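# Structure assessment
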Amino acid sequence: MAFSANRSNVSGGSPRSATVRLERASSLTSNTSPTHPRSKAIPSATSPGRRPSRNGRDDSGVSGRVRVAVRLRPRNSEELKSDDVADYIELMPELKRLKLRKNNWDFETFQFDEILNETASQKRVYEVVAKPVVESVLEGYNGTVMAYGQTGTGKTFTLGKLGEDDAADRGIMVRAMEDILANASAEQDSVSVSYLQLYLETVQDLLAPEKDNLTISEDPRTGDVSLPGATCVEVRHPKSFLELLEAGEANRIAANTKMNTESSRSHALLLVNVKKSVKAKQEKESTASNENGSSLQLSKSHSLMTIRKSKLLIVDLAGSERVDKSGSEGHLLEEAKFINLSLTALGKCINALAENSPHVPIRDSKLTRLLRDSFGGTARTSLVITIGPSSQHRAETMSTILFGQRAMKVENMVKLREEFDYKSLCRKLEADLDRLIAENERQNKLVLDTEEQLQKRAEEAELTIQQAERKAKVLLEESHAKKLKLQKENLDSIRRLQQECSLLEKELKENAVKLQSEKEAAVVEKEMQIQNERAKKQQEKEEYIEEYQHKLEELNKKFEAERAERESIERRLQEIEDCMEGQNKLELDDQENLNELAKKMEEESHSRERATRELGEWKLQGAFIASNEEIEEQCKQKEVLEKEVKDLKQQMLQLSYDTDETRKVLEKGPTRVSLGAESPMSLSKAHHMRETVNGQRATIAKLFEQVGLHKILSLLESEDVDVRVHAVKVVANLAAEESNQEKIVESGGIVSLLRLLDSSQDDIIRRVAAGAIANLAMTETNQELIMAQNGTRLLVRTANETDDPQTLRMVAGAIANLCGNEKLQARLREDGGIIALLGMARSRHPDVLAQIARGIANFAKCESRAARGQKREKSLLIEDGALPWIVENATNEISAVRRHIELALCHLAQHEVNAVDLIAAGALWELVRISKECSREDIRILATKNITSSSSFQSELKKL
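So, how was this worked out
Residues numbered from 1 in each chain as written. Predicted model: local features only at pLDDT ≥ 70, side-chain atom pairs only at ≥ 80, totals over all residues. Heavy atoms only, no water. Pairing = 2+ DSSP bridges. Helix = DSSP H or I, 4+ residues; strand = E, 2+ residues; numbered from the N terminus. Axes fitted to C-alpha atoms, helices over the stretch in contact; angles between N-to-C directions. Parallel < 35°, antiparallel > 145°, perpendicular 65-115°, else oblique. Left-handed = near helix turned anticlockwise from the far one by under 90°. Contact = heavy atoms within 4.5 Å. Nonpolar A, V, L, I, M, F, W, Y, C, P; charged D, E, K, R; others polar. Phe/Tyr/Trp six-rings, centres within 6.5 Å; stacked < 30°, edge-to-face > 60°. Buried < 20%, exposed > 50% of the residue type's maximum accessible area, 1.4 Å probe, protein only. Lys NZ or Arg CZ within 6 Å of the ring centre and 35° of its normal. Core = buried A, V, L, I, M, F, W, Y, C linked by side-chain atoms within 4.5 Å. Salt bridge = Lys/Arg side-chain N within 4 Å of Asp/Glu carboxyl O.

## Notes on the pairing of strand S11 (residues 202-205)
As paired strands, strand S10 (residues 190-199) and S11 are joined by 4 bridges and run antiparallel to one another. The partner of Leu198 across the bridge, within S11, is Val203.

## A word on the packing of helix H4 (residues 172-182) against helix H5 (residues 238-251)
Axes are the key here: two packed helices are described by the angle between their axes and the distance separating the axes. Running from amino to carboxyl end, H4 crosses H5 at an angle of 150 degrees, the nearest separation of the two axes being 10 Å. Overall, the two elements H4 and H5 adopt an arrangement that is roughly antiparallel. Handedness of the H4/H5 crossing: right-handed. Residue-level contacts link Met173, Val174, Met177, Glu178 and Leu181 of H4 to Pro238, Phe241, Leu242 and Leu245 of H5. Classifying every residue of the contact of H4 with H5 by side-chain character gives 8 nonpolar, no polar and 1 charged.

## Concerning unusual backbone geometry
Of note in the backbone geometry, Glu201 takes a positive phi value of approximately 60 degrees without being a glycine. With respect to the helices and strands, the residue Glu201 is situated in the loop between S10 and S11. Residues other than glycine seldom take positive phi values, yet Asn356 does so here, at roughly 60 degrees. Looking at where Asn356 falls in the secondary structure, it is placed in the loop between helix H7 (331-354) and helix H8 (366-370).

## Some thoughts on the packing of aromatic side chains
A complete count under the given rule lists 1 aromatic pair for this structure. Relative to Phe403, the ring of Tyr148 has its centre 3.8 Å away and its plane inclined at 15 degrees; by these criteria the two rings are stacked. With Tyr148 in strand S9 (residues 143-149) and Phe403 in helix H9 (residues 394-407), this pair connects stretches of sequence that are 255 residues apart. Judged by its relative accessible area of 8%, Tyr148 falls in the buried class. Between Lys99 and the ring centre of Phe107, over which it is positioned, the NZ or CZ distance is 5.9 Å.

## Here's the deal with the environment of Ile773
Mapped onto the secondary structure, Ile773 falls in helix H18 (residues 763-776). Spatially, the C-alpha atoms of Ile773 and Asn817 are 9.9 Å apart, while their sequence positions differ by 44 residues. Sequence-distant contacts of Ile773, defined by excluding residues within four places in its chain, comprise Leu753, Leu754, Leu757, Ile786 and Ala814.

## Points about the nonpolar core
If you look at the biggest cluster of nonpolar residues, it comprises 85 residues, and the most contacted ones within it are Met840, Ile852 and Trp885. Residue contacts for Trp885: discarding those within four places in its chain leaves Leu838, Ala841, Leu849, Ile852, Ala853, Ile856 and Ile901. If you look at the next biggest cluster of nonpolar residues, it comprises 49 residues, including Val66, Val225, Ala318 and Ile401.

## Examining helix H20 (residues 791-801)
Listing the buried residues of H20 in full gives Gly791, Thr792, Leu794, Leu795, Val796, Thr798 and Ala799. As for H20, its buried residues are in contact with helix H17 (749-759), H18, helix H19 (780-788), helix H21 (805-819), helix H22 (825-830) and helix H23 (833-839).

## A look at the packing of helix H27 (residues 895-908) against helix H29 (residues 923-933)
Look at H27 against H29: their axes get within 10 Å of each other, and the N-to-C directions meet at 115 degrees. Comparing their axes, H29 and H27 come out roughly perpendicular. For the pair H27 and H29, the sense of crossing is left-handed. Residues Glu902, Leu905 and Cys906 of H27 touch H29, and the partners they reach there are Ala923, Glu926, Leu927, Arg929 and Ile930. When grouped by side-chain class, the residues that make up the contact of H27 with H29 number 5 nonpolar, no polar and 3 charged.

## Things to note about the sheet that holds strand S5 (residues 89-92)
Taking strand neighbours across the sheet as the criterion, the 3 strands line up as S5-S6-S7 in an open arrangement whose pairing is antiparallel. At either margin of the open sheet sits one strand with a lone partner, and together these are S5 and strand S7 (107-111). Going from strand to strand, the sheet's axes swing by 20 degrees on average, the running direction of each strand aside. Bridge count between S5 and strand S6 (residues 97-101): 4 bridges; the pairing is antiparallel. Residue pairing across strands places Glu90 opposite Lys99, the latter belonging to S6. Relative to the sheet, H9 contacts S5, S6 and S7, its axis offset from that of S7 by approximately 35 degrees.

## Notes on the environment of Gly319
Looking at the element boundaries, Gly319 is found in the loop between strand S20 (305-316) and helix H6 (323-326). For Gly319, a relative accessible area of 7% corresponds to the buried category. Taking the C-alpha atoms as reference points, Gly319 and Thr153, separated by 166 residues in sequence, lie 8.2 Å from one another. In this structure, Gly319 is in contact with Gly149, Gln150, Thr151, Lys155, Ile339 and Leu343, ignoring residues within four places of it in sequence.

## Overview of the pattern of salt bridges
Counting across every chain of the model gives 31 salt bridges. Between Arg73 and Glu79 there is a salt bridge, and its shortest N-O distance comes to 3.0 Å. In this structure Glu79 comes out as buried when scored by relative accessible area, which is 7%. Measuring nitrogen to oxygen at the nearest pair gives 3.8 Å for the salt bridge that ties Arg797 to Glu801. Linking Arg797 with Glu801, this pair stays in helix H20, spanning 4 residues, or about one helical turn. One continuous salt-bridge network, built from bridges that share partners, spans Glu218, Arg363, Arg369 and Arg372.

## Observations concerning the side chain of Thr144
Tracing the backbone shows Thr144 in strand S9. Aside from chain neighbours lying at most four places away, what touches Thr144 is Val133, Leu313, Ser374, Ala379, Arg380, Thr381 and Ser382.

## Details of the environment of Ile339
Position of Ile339 among the secondary structure elements: in helix H7. With 75 residues separating them in the primary sequence, Ile339 and Ser264 have C-alpha atoms 9.9 Å apart. Here Ile339 is in contact with Ser264, Arg265, His267, Ala318 and Gly319, once residues within four sequence places are set aside.

This is the structure we're talking about:
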């Protein structure tokens, strides 16, 4: 959209330079949604066809879909007081989906580009809705940001909030202008603003109220829409823009209706014109065409100055309203008619564009004419639709959502327009020409001066050469005489050296004979010494071997004695065990004897280890030699064991990989929302997932049969971390099946898992081991076995040492299962189970909180069951400080947490001894709320019964 306006420059400006337009295709990529097919943008019936640019390039741009975001308004004071606000809207920001309740059991699901809940900040809304459009405008593309929705849903707050009281409340208009001014150069760029309103189908200037009926004109060549009479003010600082925005808002028409105390009665349009100067990228030499068609050769140093002109249009549409709800009458009714007519015309245009209709009714309203470039044009458009939380306006909410769905199907052809500033280039070239002429004159003068100096130096050089030749001739004669003299002296020196060499050779021969005789004598003496030393060492070695053979005989005798003693101890221990089997109660004396025998066996084991170490040392020192046959047999056994371990590792790795892949497939879930019956593709995917799970279980069963549970459990103690990780994953998968749990317990699986949880510091091992323990802790027998092995203390220690949410979820689930056994509650509390549950709330992860709430509900339920018909003391949960957390999370937004907490409060309130603490902590008012608002009827009945049957509760309520 192109607006040409009367410009009033606040800070002054220079006249426009002569320019030649150059248009080129955009390099932007469009953001398309995976759930909506891309539809081709259809220009209006009156829009001209695309024209080739003057330089021969095509005008066509890149397709870009309209992006749509949904924003939910928070509940107002009236909606908070009334009961008509139900959870008929469910937002899923992570999946970018919105569910709208059709009835008590059915939802309609819609997919959008962004989902913004009622807690979304203004900054977040700007970043996901408007910031990409603003960045495109700064790069030279037209952009549009528009708000659509029912009256009173926060459109003006989203776009035009000034943020005088709180800077965090600034709307899209203020934040977009701040980004534009921050990225614009004060010397080369310019930013101008026009602020308009469409009221009763007349375009009015909010910056000049006297201009109350502006005309809309269209360029027959380009099809751009403009408002010739609109005021256009140049802006350089955010403060001056805020002043203009305040002045425009003061002139905008608003009224008080039943739906909104400050209902906008007109459509507001903020137009920001951005003009940026950039240097065109060129290679060594480029060619540009002027208006006459001739070409200009530009060197790399003379790059063209490119001017990018872009426009940002921010549209605050007036809210659609129903007359029976808004109570409009008289002039307000007339305003409502024009608002609804213009919005209807806009909806028709969007429907035509979304359906690829050959005719788009663009001229049915001035609003659609002004937004011609935004839908089906060349601008990048972002739409935010606003909805309210009240179920009374479900029809308006559904209409708004369907409008956004249709808008997402509209495609725009985003284009970049650039203009070359040839006038500034001409001035630069003239300046360069003057500089080069002056430089050339200076160079010519410098050449003449240099030639004169070179002539003088050449004459001086000739004189110097002549003098040098004469000196060289004299020196040559002198050097020839010296050479003859030196040759004579050299011959005399050679004769003297020859005589000296003959004397030296004679002396060297005499010395060589003498040294040879001395060397032979030294060799004979050295051989005698070596033989003596060898004889001495051989004697010492024989004595050393004889001594160690004696020690070995003594050690063998000692082994035989210890073996005999051990056999006698084992026989005695077997007798004691036989006696124990025949008795129902172990006597104290037998226990002492058993302890004494255990000590002796331990001492015997230690002595055997010491003897083994001594044997190892003697073997290293050569005391005895192992036979070759024994060594070969041990090597063969070692190779067999290594092969078995290697095969088992490979099976474990493959099983772990298949388990991880299956978990990823199950967690990933469907990527599309089907509104009808299941498609063949979804059925095939479900069948494939079932086959994957069945294959996984078959693989586990096959490994279980081939390897055996004992070998799998033995790998939990492997020194290789990867082996332990894969082994514990296999055990956890086996523990998930009830048919395998009894076999795992009988094979000592609980003890192995607890030992692994105690010894390992790896987060993955601890997480998977805790999950396996949680699966096994589903029966009372296993729960008692876990408690007997100090399993609670290990789980508590793990919860205190880790901050990983998944590990905490597994640990909390295991403790929650233990809380469901009323026989173990005292021991569980002594081991710190309740305090550990409350401590894990630091994670704030929804799954962890749900497990904590489940554990507290199980504990309170068991306490209540155990106290029936008995005099009961204060709850252990209250004594351990769990009541404040329970009250705090009674209204938690997570349904699983809230449901368990409500049930726990009802069980605690069944006993009068807890009433005083419940009242002091504010739990009574939560019980009252539960009795009225809880979604489950049985919990509401239980809460009402507790309130009416407690004298303390009744007296507290009577005080009010």
